[in-house]
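Examining the three-dimensional arrangement
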Amino acid sequence: MTKRNKTARLIMGVLTAAVLLAFAFPFLWMLLASFKTQSQIMSTGQLFAFKPTTHNYASVFEEYDFLGYILNSLVVGLGSTVLALLLGLPAAYAIARHHLHKLGLVILVARIIPGITFLIPWFILFSKIKLVDTYTALILSHMLVGLPFIIWIMISFFEALPKEIEEAGLIDGCTHHQVFMRVILPISGPGVITSSLLSFIFSWNNFMFSIILSGDKTKPLPVAVFNFMSYSEINWGALMAAACVITLPVLVIALLAQRYVVNGLAAGAVKG
Amino acid sequence: MPYNWFDRNLKWIYVLPAVAFVLVMMLFPILYTVRISFYEWSMSAITPPKWVGLDNYAALLKESRFWHAAGSTLYFTVVALAVEVVLGVAIALLLSREFRGKNLVKTVFLLPMVATPVAMGLVWLLIYEPTIGAANLMLKAIGLKPMLWLGSPAQAIPSLIIVDVWQWTPMISLIVMAGLATIPREPYEAADVDGAGRWKKFASITLPLLRPTILVAAMLRLIDVLKTFDIIYATTQGGPDLATETLNIYGYVLGFQYFKLGMASSLLVLFFALVMGLTLVMIWMRKRMEAQYD
């Protein structure tokens, strides 16, 4: 019996390691290739043992101005997240406290509809009012992705807060608005962190809206990395360095705020 | 009157800006898309939009390229979803026991979901590269013949399905693990008394109790798999020979490469109807299932 248990545990352990490796492999491969020269990538003799070079990273920043694209992504990511919080937090609170779930559903529909359905009208409208290639167009479009997530995560968060906290505030003479601003928001840190991180990550990763609504002045990272590929022959090392540069910030966020991100993804998911 | 007007109407003041934003950014575009789906319009300044009624829809439904895209969407969605659900549940069961390094595994599991899809598309492009890619090196290492992967029309969709499975199976697993944590111990203890084996316990306790959770996870993935864009566009742009052109990609190509805005809009209306229809079916199934258990 114990012997059988031991074998079973060994099999489970090996399976777990295999799963781990399979899901980590592309990241490992990307990282390795980003430190290789083109000829090292081309020769299959130097898979893991090679003399690393930082040339790819240098060329990404010096020749292709990635700092500018990073800045664009930051402006759009932070802008859309802050504005979505501004609209989303009060809305989620009102929906949670006053049971306006039908209105909540209207907002959730934005999560279900294929984003491409909005893209032609947006493009026509934004062209007409000369907003294509401005941060405004990108921020507005990215907000439509972040806002539903913020609202749905915050609804369950606010619903879990005990009602007594608010009642105490009201007895102390606060108005409802003051209760929200001075009592509810200060204790909502974890929820706000979760939803802002996810909203920022979605904006940082967004490709479809950005490729149409951005231009030379506002091009964010995913579009820049994608365009980078079409320069004649594929320079794999530089491409992988660019992929590392764009992925690193979100991976760092995910690792630092692991619990929040998992909870947020699960909450956004289950409510969806 | 203890509160002023502002405080009495606070819930509307709180909720309406968000609703107004969503309606303007979402409802207006949808209605506009429906409207231009009845026009022939190529976005040129010389020829103004021309009302053609249902002609765009009729033309689309007669096109083999449209049906091909619909078929590719269905193929990609059904296979990816099936693999992700089965694999996701299996991995959740594997990881739900206690073991050393559990947090590390969960962390690694999180990375594919948050990593930038375009960047990941490029990484997979390198992995699938026929001469230098890791995928063929592995095939050779275990004595199999190398493949063309994304370069072959027949292998392209399965290759993309592998990427989607890599990226999103963790999502199903995480949701299912959360569901597993809420299953009570008592049924298992009763089963132990009855002398039930491991498989029997799984089939008659775990799986039935997990069914609502699995359905929620599958529903969520269904909605998103249908809409897959980034990975496909970043790797194949619909090729080779339109093999990976899904409805989403074809809509994009019609609209922003051919500038056939009317035709693209009619395709998007059909696509929108498909996604909404399937979502409603899933919601209805979930309701029915909940009713069964009550």
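Remember, predicted model here, so these are calculated numbers, not experimental data. (Residues numbered from 1 in each chain as written. Chains lettered and ligands numbered in written order. Predicted model: local features only at pLDDT ≥ 70, side-chain atom pairs only at ≥ 80, totals over all residues. Heavy atoms only, no water.)

Things to note about the overall build of chain A
Heads up, the condition is: Counting from the N terminus, the helices are the DSSP runs of H or I reaching at least four residues and the strands are the DSSP runs of E reaching at least two. When a residue's accessible area, from a 1.4 Å probe over protein chains only, is under 20% of the maximum for its type it is buried; when over 50% it is exposed; and in between it is partly exposed. Note on definitions: a residue-residue contact is assigned when non-hydrogen atoms from the two residues lie within 4.5 Å. Note that His is not counted, nor are the chain ends; the positive residues are Lys and Arg, and the negative ones are Asp and Glu. Taken as the charge location is NZ of Lys, CZ of Arg, CG of Asp or CD of Glu.
Summing up its helical and strand segments, chain A has 14 helices and zero strands in all. Its C-alpha atoms give chain A principal-axis dimensions of about 75 × 75 × 30 Å. Buried positions account for 55% of the 272 residues belonging to chain A. Partitioning the contacts of chain A with sequence separation of at least 6, the portion at a separation of at least 24 is 75%. Within chain A, one finds 17 positive and 11 negative side-chain charges whose respective centroids are separated by 13 Å.

Side note on the overall build of chain B
The criterion, for reference: Each radius of gyration reported is based on C-alpha atoms, and the globular scaling rule is 2.2 Å times the count of residues to the power 0.38. Reported accessibility uses the Shrake-Rupley method at a 1.4 Å probe radius. Residues are deemed covered only where the shown protein chains occlude them.
Regarding its fold elements, chain B presents 13 helices and two strands. Here chain B has a C-alpha radius of gyration of 24 Å; the compact-globule value for 294 residues is 19 Å, and the former is much larger. Dimensions of chain B along its principal axes, counting C-alpha atoms only, are 80 × 80 × 35 Å. Across the 294 residues that make up chain B, the buried fraction comes to 54%. For chain B, the accessible area works out to roughly 13,800 Å², and carbon and sulfur atoms hold 68% of it. In chain B, which carries 23 positive and 18 negative side-chain charges, the distance between the mean positions of the two groups comes to 1 Å.

What about the packing of helix 12 (residues 221–229) of chain A against helix 13 (residues 236–256) of chain A?
Residues and elements named next belong to chain A. To be explicit about the condition: Axis definition: a line fitted to C-alpha atoms, over the contacting stretch in the case of helices. Angles run 0 to 180 degrees between N-to-C directions. Angles below 35 degrees are treated as roughly parallel, those above 145 as roughly antiparallel, those between 65 and 115 as roughly perpendicular, and all remaining angles as oblique. Ten residues, namely Ala, Val, Leu, Ile, Met, Phe, Trp, Tyr, Cys and Pro, are considered nonpolar, four, namely Asp, Glu, Lys and Arg, are considered charged, and the remaining ones, Gly among them, are considered polar.
In contact at an axis separation of 10 Å, helix 12 and helix 13 are set at 175° when each is read in the N-to-C sense. With respect to helix 13, the element helix 12 is oriented roughly antiparallel. The residues of helix 13 that touch helix 12, namely those facing Leu-221, Pro-222, Val-225, Phe-228 and Met-229, are Ala-238, Leu-239, Ala-242 and Ile-246. Residues of the contact of helix 12 with helix 13, tallied by class, amount to nine nonpolar, no polar and no charged.

Re the pattern of salt bridges
What counts here: When a carboxyl oxygen of Asp or Glu lies within 4 Å of a side-chain nitrogen of Lys or Arg, that pair is called a salt bridge.
All chains considered together, the criterion is met by eight salt bridges over all chains. Across the salt bridge formed by B:Asp224 and A:Arg111, the nearest N and O atoms sit 3.3 Å from each other. Of the two residues, B:Asp224 sits in helix 10 (residues 198–226) while A:Arg111 sits in helix 5 (residues 101–112), which places them in two different chains. Just as B:Asp224 is buried, A:Arg111 falls in that class too. One salt bridge in this structure joins B:Glu84 and B:Arg221, with 3.0 Å as the shortest N-O distance. Linking B:Glu84 in helix 4 (residues 64–96) with B:Arg221 in helix 10, this pair joins segments that are 137 residues apart in sequence. With relative accessibility at 3%, the residue B:Arg221 sits in the buried group.

A few points about the packing of aromatic side chains
This is how it is decided: Only centres within 6.5 Å qualify two rings of Phe, Tyr or Trp (six-membered ring in Trp) as a pair; their planes then separate them into stacked at under 30 degrees, edge-to-face at over 60, and tilted for everything else. We call a charge positioned over a ring when the NZ of a Lys or the CZ of an Arg lies within 6 Å of the ring centre and within 35 degrees of the ring normal.
What the rule picks out here adds up to 35 aromatic pairs over all chains. Consider the rings of B:Trp199 and B:Phe202, whose centres lie 5.5 Å apart with planes at 40°: the pair is tilted. Within this pair, B:Trp199 and its partner B:Phe202 are both found in helix 10, separated by three residues, close to a single helical turn. Residue class for B:Trp199 comes out exposed when judged on its relative accessible area of 64%. On the basis of relative accessible area, B:Phe202 is assigned to the buried category, the value being 19%. One Lys or Arg, A:Lys36, reaches over the ring of A:Trp29 and ends 5.4 Å from the middle of that ring.

What to know about the UniProt feature "transmembrane region" (unreviewed entry) in chain B
Residues and elements named next belong to chain B. This is how the line gets drawn: UniProt positions are given in the numbering used here, feature names are shortened, and annotations may be inferred rather than shown by experiment.
Annotation from UniProt places "transmembrane region" (unreviewed entry) at residues 12–34, 74–95, 107–128 and 263–285. Annotated as residues 74–95, this span is 100% helix and 0% strand, and its ends, taken at the C-alpha atoms, are 31 Å apart. The span residues 107–128 is 86% helix and 0% strand, and its two end C-alpha atoms sit 25 Å from each other.

Observations regarding the environment of A:Ser203
Residue and element names in this part refer to chain A. Along the chain, Ser-203 falls in helix 10 (residues 189–205). For Ser-203, a relative accessible area of 6% translates into the label buried. Through-space distance from the C-alpha of Ser-203 to that of His-176 is 32 Å; in sequence the pair is 27 residues apart. Excluding its chain neighbours within four sequence positions, the residues that come into contact with Ser-203 are Val-76, Gly-77, Ser-80 and His-142.

Focus: the interface of chain B and chain A
One widely used convention gives an interface's size as the accessible area the parts lose upon coming together. The cut-off we apply is this: Here the buried area means the combined drop in accessible surface, using a 1.4 Å probe, for two parts upon being joined, counting both sides. Counting of polar contacts relies on pairs of N or O atoms within 3.5 Å, with two restrictions inside protein: one atom must be capable of donating a hydrogen and the other of accepting it, and residues adjacent in sequence are counted only when both atoms are side-chain atoms.
Counting residues at the interface gives 94 residues for chain B, matched by 87 residues for chain A. Both sides together, the interface formed by chain B and chain A hides about 8,000 Å², and carbon and sulfur atoms give 83% of it. Contact with chain A buries surface across chain B, with B:Tyr14, B:Met25 and B:Phe256 losing the most and accounting together for 9% of the total. Remark: the boundary between chain B and chain A carries one salt bridge. The tally of links from chain B across to chain A stands at 15 residue pairs in polar contact (both at pLDDT 80 or more).

As for the nonpolar core
The following threshold applies: Put simply, a nonpolar core is a bunch of buried Ala, Val, Leu, Ile, Met, Phe, Trp, Tyr and Cys residues held in one set by side-chain atoms that sit within 4.5 Å of each other.
Of all hydrophobic cores here, the largest spans 196 residues; its most connected members are A:Trp122, A:Ile151, A:Phe158, A:Met240 and B:Met120. Every residue in contact with A:Met240, bar those within four places of it in the chain, is listed here: A:Met30, A:Ala33, A:Ser34, B:Leu122, B:Val123 and B:Leu126.

Some remarks on the side chain of B:Ser37
Residues and elements named next belong to chain B. On the secondary structure map, Ser-37 appears in the loop between helix 2 (10–36) and strand 1 (39–40). Of the residues examined, Ser-37 reaches a relative accessible area of 0% and is grouped as buried. If we skip the residues at most four places from it in the chain, Ser-37 touches Gly-53, Asn-56, Tyr-57, Gly-262, Ser-265, Ser-266 and Val-269.

Here we look at the packing of helix 8 (residues 163–171) of chain A against helix 9 (residues 176–184) of chain A
Residue and element names in this part refer to chain A. Stated precisely, the cut-off is as follows: Crossings are sorted by hand: turned counterclockwise from the far helix by less than a right angle, the near helix makes the crossing left-handed, and turned clockwise it makes it right-handed.
Where helix 8 contacts helix 9, the two axes come as close as 10 Å, and the packing angle between them is 120°. Between helix 8 and helix 9, the crossing angle belongs to the class labelled oblique. Judged by the sense of rotation from one axis to the other, the crossing of helix 8 with helix 9 is right-handed. Touching Ile-165, Glu-166, Gly-169 and Leu-170 of helix 8 are His-176, Val-179, Val-183 and Ile-184, all from helix 9.

Points about empty space enclosed by the protein
Here the idea is plain: a probe the size of a water molecule rolls over the atoms and shows the empty space left. Stated formally: The rule is simple: put a 1 Å grid over the protein atoms alone, call a set of points where a 1.4 Å probe fits but cannot get out a cavity, call an open set with protein on both sides within 12 Å along at least five of seven lines a pocket, and count a residue as lining if it has an atom within 4 Å of a point. Grid points are joined across faces, edges and corners, and a volume is the space filled by probe spheres set on the points.
Under the defined criterion, the tally for this structure stands at four cavities of 30 Å³ or more. Looking at the largest cavity, its volume works out to about 910 Å³. As for the largest cavity, its lining consists of 40 residues, and the residues nearest its centre are A:Val145, A:Phe202, B:Asp224, B:Lys227 and B:Asp230. Of the residues contributing to the lining of the largest cavity, the split by class is 27 nonpolar, seven polar and six charged. The calculated volume of the second largest cavity comes to roughly 90 Å³. If you go around the second largest cavity, you meet 12 residues; those closest to its centre are A:Trp29, A:Lys36, A:Ile41, A:Leu47 and B:Ile132. Of all the secondary-structure elements, those providing two or more residues to the lining of the second largest cavity are helix 1 (2–34) and helix 2 (38–42) of chain A.

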